[in-house]
Amino acid sequence: MDLVAVVVVAIWVMLPAYIPNNAAVVVGGGRPVDGGRTYRGARLLGDGKTWRGTVGGVVAGGVVAIALNALAPGAADWSGIDLPTFARTTVVGLPLGAMLGDMAASFLKRRLGRDRGASVPGLDQYDLVVGALGLVAVVDWPWLVDAVTPAVLVAILVLTPILHRATNVGAYLLGLKEVPW
Ligand code: CTP
Ligand code: MG
C-alpha cells in the first residue's frame, strides 16, 4: 500500500469511531450515565457523560459505518484502494468501543481530581483509539488483523491527535463545546 492508501484506509476504518464523540457533543445532555454518583468525593464519570450523548454517539457511528459499506464498492473502484467494509461486529464495536474508551478516560480524569472538561494530553486523543480497536480485537480479531495493518495503525496514531485537535477547535468555534480541546 502506498502512503495515500494507508492514510485513506486509516481514516475509513476510524470514521465510525471518530464520529461518536462529535455526535455526542451535538446530541448530548440530560441524565448523566453515572446518575450523579460519586466515589471518594469525586464524580464517577461526571456530567459530561450522558445517556443521550452515549446512545446518540453509538447510533451515529453505526450509521456512518453502514453508509461507508454502501459507498465502498464505488469508492474502491474510483480510487483503486482496497477499502475495508464493516461487519455487524465492527458496525457496533467501533463506535461502542470509542464511547467506552471516552468514558474510561473520564473515569480516570475524575480519579486524578480533574474536573469536567479538563484536558489530559494523550488520554484525550487516544482514549477512543484504545477503546475502539480494543473492543474490535475482542469481538472480531480477524477483521482487525486484516484491516488495520501495522502501517495503518501508525497512520491512525499519527492522524488521530491532528483530527482531534481540528474537530475540537471547530466545535468550539461553532459554540458546541465550551473549551477548544
Ligand atoms: N457527551 C455526552 N455523552 C458522552 C460523551 C460526550 O453527552 N458519552 C457530550 C457532553 O455534553 C460533553 C461533550 O459531549 O460535555 C464533550 O465531550 P467530552 O469532551 O468527552 O466531555 P467533557 O465535558 O470534556 O468531560 P470529561 O472531562 O469527562 O471528558
Ligand atoms: Mg473533554
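We now turn to the structure provided with this report. (Residues numbered from 1 in each chain as written. Chains lettered and ligands numbered in written order. Predicted model: local features only at pLDDT ≥ 70, side-chain atom pairs only at ≥ 80, totals over all residues. Heavy atoms only, no water.)

## Quick notes on the environment of Ile-81
With respect to the secondary-structure elements, Ile-81 resides in the loop between helix H2 (51-79) and helix H3 (88-111). Among all residues touching Ile-81, those that are not within four sequence positions of it are Ala-5, Val-8, Val-9 and Ala-76. (Helix = DSSP H or I, 4+ residues; strand = E, 2+ residues; numbered from the N terminus. Contact = heavy atoms within 4.5 Å.)

## Here's the deal with a nonpolar patch on the surface
A surface patch of nonpolar side chains, amounting to about 380 Å² of accessible area, comprises Val-26, Val-27, Leu-174 and Leu-176. Take Leu-174: its relative accessible area is 69%, and that puts it in the exposed class. (Patch = residues over 30% accessible without salt bridge, like charges linked within 9 Å, V, L, I, M, F, W, Y side chains within 5 Å. Areas by Shrake-Rupley, 256 points an atom, 1.4 Å probe, with all protein chains shown as cover. Salt bridge = Lys/Arg side-chain N within 4 Å of Asp/Glu carboxyl O. Buried < 20%, exposed > 50% of the residue type's maximum accessible area, 1.4 Å probe, protein only.)

## Topic: unusual backbone geometry
One non-glycine residue, Arg-40, lies in the positive phi region at around 50°. The topology assignment puts Arg-40 in the loop between strand E1 (38-39) and strand E2 (42-43). You can call Arg-40 exposed: its relative accessible area is 75%.

## A closer look at the packing of aromatic side chains
For the structure on display, the rule yields one aromatic pair. Pairing Phe-86 with Trp-143 gives two aromatic rings, centres 5.9 Å apart and planes at 35°, and the pair type is tilted. Placement of the pair is Phe-86 in the loop between H2 and H3 and Trp-143 in helix H5 (residues 141-147), with a sequence separation of 57 residues. For the pair formed by Phe-86 and Trp-143, the shared burial category is buried. Positioned above the aromatic ring of Phe-107 is the side chain of Arg-111, whose terminal nitrogen or guanidinium carbon lies 4.8 Å from the ring centre. (Phe/Tyr/Trp six-rings, centres within 6.5 Å; stacked < 30°, edge-to-face > 60°. Lys NZ or Arg CZ within 6 Å of the ring centre and 35° of its normal.)

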